[in-house]
Amino acid sequence: MNILNIAIKEIKHSVRDIRTFVFMLAFPIVLMLILGTALSNAFNSKLAVDDIHVLYKITADPMIATSFQSFIKEAEKSGVQFKQISGNLDGKNEVKENNFSAYIEVTNDGIQLYGTSRNSIEESIIQGMLSAYAGRYNVVASVAKVDPSKVSTALASHSEDHFIKEKSLNSKKQPGSMDYYAMAMTTMIALYAALGASSLIRGERTRNTSIRLLTAPISKGEIFLGKIIGALLINITFVMVIVAFSSIAFKANWGNHFGMVFLVLATEVFLSVSFGLGVSYLAKTGEAARTILMIVIQLSSFFGGAYFKIDDAKGISITNLSPLTWANNAVTKIIYANDYLAAIKAISLNMGIAIIFLAISIILLRKREGL
């Protein structure tokens, strides 16, 4: 009962602290809105190709020219715009100046395609179309040499290419900008629980209320446990409010397996509270503890992808040392790949580090005469 009363007292104290209350809720939501809106283009995986403009020149004999004109008519149905070169216009230079996507020269010896690296996608499309056209023309030309009467049959046999079957493959689901920053801001604010945890015990000493607590019929262990439970509950509540708000207001995707997502976020809060409490015992002053925590939180946020998305780094990377990295990776895989095993690593790391700092706090608490 004493543990529960202390936990409730700690929750009430956190709620009455308006500055902390607003910071823990408003700060991540505002950042979520700003970054999710401003950096939306960075998460757009769709590639749009506008109409392709091609300049061409024909110096081949009439049969090839007629065939190529037929190819142009079909290609224009797919959004490729052809223009025949005229006057003293230099086709290669027009491509260099980026006035056209490609330049084609059709001669009796073959087809020459000129393009630039600036229009590599458009050039690849034109190259594929020309390769298909050239292959079909060569087949028909070969048939004409052997038996001209079979040309119509050859053309009819290629009117429908059954030897190639086209299927669309859906790419892996990826978070959009608002989905990503809803997740990143939530895991980041979970780290800020360490700041409040640093004053759980030290705050009682600075307010001179630790003596009153120790004289009450309650053990140091009950005080310690009650404060930790209170800090965990209020900070988990903050995190869940942010998750709910981002889901309703910003339509952020939190997936269909929220139980596993909750476990990852809850254990990260436990890690933060334990870390903040441990640092408060290791540091000589409250200011020193808060300085250490702010440095660690900001570095973890920066390298963990809270402010901008960091692609998966190969090998050992400083990003892998951030709690945000393993939390964000786990949540992403749970939401978009239904990978439950991804949560095990994050939960194990969170719990393991949390237990270490909690043990440090308990050892140092026992060595003290007071709290």
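Scoring rules and cut-offs
Residues numbered from 1 in each chain as written. Predicted model: local features only at pLDDT ≥ 70, side-chain atom pairs only at ≥ 80, totals over all residues. Heavy atoms only, no water. Phe/Tyr/Trp six-rings, centres within 6.5 Å; stacked < 30°, edge-to-face > 60°. Helix = DSSP H or I, 4+ residues; strand = E, 2+ residues; numbered from the N terminus. Buried < 20%, exposed > 50% of the residue type's maximum accessible area, 1.4 Å probe, protein only. Core = buried A, V, L, I, M, F, W, Y, C linked by side-chain atoms within 4.5 Å. Contact = heavy atoms within 4.5 Å. Polar contact = N/O pair within 3.5 Å; in protein donor to acceptor, adjacent residues only side chain to side chain. Pairing = 2+ DSSP bridges. Axes fitted to C-alpha atoms, helices over the stretch in contact; angles between N-to-C directions. 1 Å grid on protein atoms, 1.4 Å probe; cavity = no way out; pocket = protein on both sides within 12 Å on 5 of 7 lines; lining within 4 Å. Points joined across faces, edges and corners; volume = space filled by probe spheres on them. Nonpolar A, V, L, I, M, F, W, Y, C, P; charged D, E, K, R; others polar. pLDDT = per-residue confidence, 0-100. Expected span 1.5 Å × (residues − 1). Arc of directions from axis to C-beta. Parallel < 35°, antiparallel > 145°, perpendicular 65-115°, else oblique. Left-handed = near helix turned anticlockwise from the far one by under 90°. Salt bridge = Lys/Arg side-chain N within 4 Å of Asp/Glu carboxyl O.

This part covers the packing of aromatic side chains. Pairs of aromatic rings are described using the distance from one ring centre to the other and the angle between the two planes. Scanning all chains against the criterion turns up 14 aromatic pairs. Summarising the aromatic geometry, the rings of Tyr103 and Tyr114 are spaced 5.7 Å apart at their centres and angled 25 degrees between planes, so their arrangement reads as stacked. Linking Tyr103 in strand S3 (residues 102–107) with Tyr114 in strand S4 (residues 110–115), this pair joins segments that are eleven residues apart in sequence. Assessed through its relative accessible area of 25%, Tyr114 is described here as partly exposed. On the basis of an interplanar angle of 85 degrees and a centroid distance of 5.1 Å, the ring pair of Tyr180 and Tyr181 is categorised as edge-to-face. Among the residues examined, Tyr180 registers a relative accessible area of 6% and is labelled buried. Aromatic ring contacts, followed pair by pair, group Tyr56, Phe68, Phe71 and Phe82 into a single cluster.

What follows is about unusual backbone geometry. With a phi angle near 65 degrees, Asn98 is a residue other than glycine that sits in the positive phi range. For Asn98, the position within the fold is in the loop between helix H4 (91–96) and S3. Here Lys251, not a glycine, exhibits a phi torsion of approximately 55 degrees, which is positive.

Ranked by size, the top nonpolar core spans 70 residues in total, and within it Met32, Met185, Phe224, Val239, Trp254, Val264 and Val273 carry the most contacts. Looking at this core element by element, the count peaks at twelve residues for helix H12 (residues 258–282). Each residue touching Val273, except ones within four places of it in the same chain, is listed here: Ala193, Ala197, Leu200, Ala231, Leu232 and Asn235. Residues Ala60, Ile126, Leu130 and Tyr137 belong to the second largest nonpolar core, which totals 19 residues.

What follows deals with the side chain of Asn235. Among the secondary structure elements, Asn235 is positioned in helix H11 (residues 220–249). By relative accessible area, Asn235 is classed as buried at 10%. A polar side-chain atom of Asn235 sits 2.7 Å from the main-chain carbonyl oxygen of Ala231. If we ignore the near neighbours within four places in the chain, the residues touching Asn235 are Met24, Ala193, Val269 and Val273.

Turning next to the environment of Ile85. Positionally, Ile85 belongs in the loop between strand S2 (80–84) and H4. Considered as a pair, Ile85 and Ile58 are 27 residues apart in the sequence and their alpha carbons are 8.8 Å apart.

So, on to the sheet that holds S4. Strands belonging to one sheet form pairs held by backbone hydrogen bonds; the direction of such a pair is parallel or antiparallel. Strand order in this open sheet of four strands is S2-S1-S3-S4, and the pairing throughout is mixed. Looking at the sheet topology across the chains shown, the edges are occupied by S2 and S4. Neighbour to neighbour, the strand axes of the sheet diverge by 25 degrees on average, direction disregarded.

Looking now at empty space enclosed by the protein. This model, assessed by the stated rule, comprises one cavity of 30 Å³ or more. When contributions to the lining of the largest cavity are tallied by element, the ones reaching two or more residues are helix H7 (177–191) and helix H14 (323–337). A breakdown of the residues in the lining of the largest cavity according to their chemical character gives five nonpolar, one polar and one charged.

With that out of the way, let us pick up the environment of Ser40. Within the secondary structure, Ser40 is located in the loop between helix H2 (18–38) and strand S1 (52–58). Note: C-alpha distance between Ser40 and Ser177 (137 residues apart in sequence) is 4.9 Å.

In this model, the protein chain carries a mean pLDDT of 82, and residues with pLDDT of at least 70 account for 85%. For the protein chain, the element scoring lowest by mean pLDDT is helix H6 (residues 151–157), at 51; H12 scores highest, at 94. Note on residues 157–166: pLDDT under 50 across the span, and three contacts to partners over four residues away in sequence or across chains.

Let us look at helix H3 (residues 62–76). Over its 15 residues, H3 extends 21 Å from the first C-alpha to the last, a length consistent with the 21 Å expected when each residue adds 1.5 Å. Regarding H3, the residues found buried are Ile64, Ala65, Phe68, Phe71, Ile72 and Ala75. Buried residues of H3, viewed axially, fall in a sector of 120 degrees; they line one side. Away from its buried face by more than 90 degrees, H3 exposes Pro62, Met63, Thr66 and Lys73.

This next bit is on the packing of H7 against H14. One can describe the packing of H7 onto H14 by two numbers: an axis separation of 10 Å at closest approach and a directional angle of 140 degrees. With respect to their mutual orientation, H7 and H14 come out oblique. Remark: the crossing between H7 and H14 carries right-handed chirality. Taken together, the residues of H14 that come into contact with H7 (itself represented by Asp179, Met183, Ala184, Thr187, Met188 and Leu191) are Pro323, Leu324, Ala327, Asn328, Val331, Thr332 and Tyr336. Across the contact of H7 with H14, the residue classes break down as nine nonpolar, three polar and one charged.

Glancing now at the pattern of salt bridges. Scanning all chains against the criterion turns up two salt bridges. Where Lys9 meets Glu10, a salt bridge forms, and the shortest distance between an N and an O atom there is 3.9 Å. With relative accessibility at 36%, the residue Lys9 sits in the partly exposed group. Judged by its relative accessible area of 7%, Glu10 is buried. Note that Lys227 and Glu10 form a salt bridge whose closest N and O atoms lie 2.8 Å from each other. Of this pair, Lys227 sits in helix H11 while Glu10 sits in helix H1 (residues 2–16), and the two are 217 residues apart along the sequence. Lys227 sits in the buried class, given a relative accessible area of 2%.

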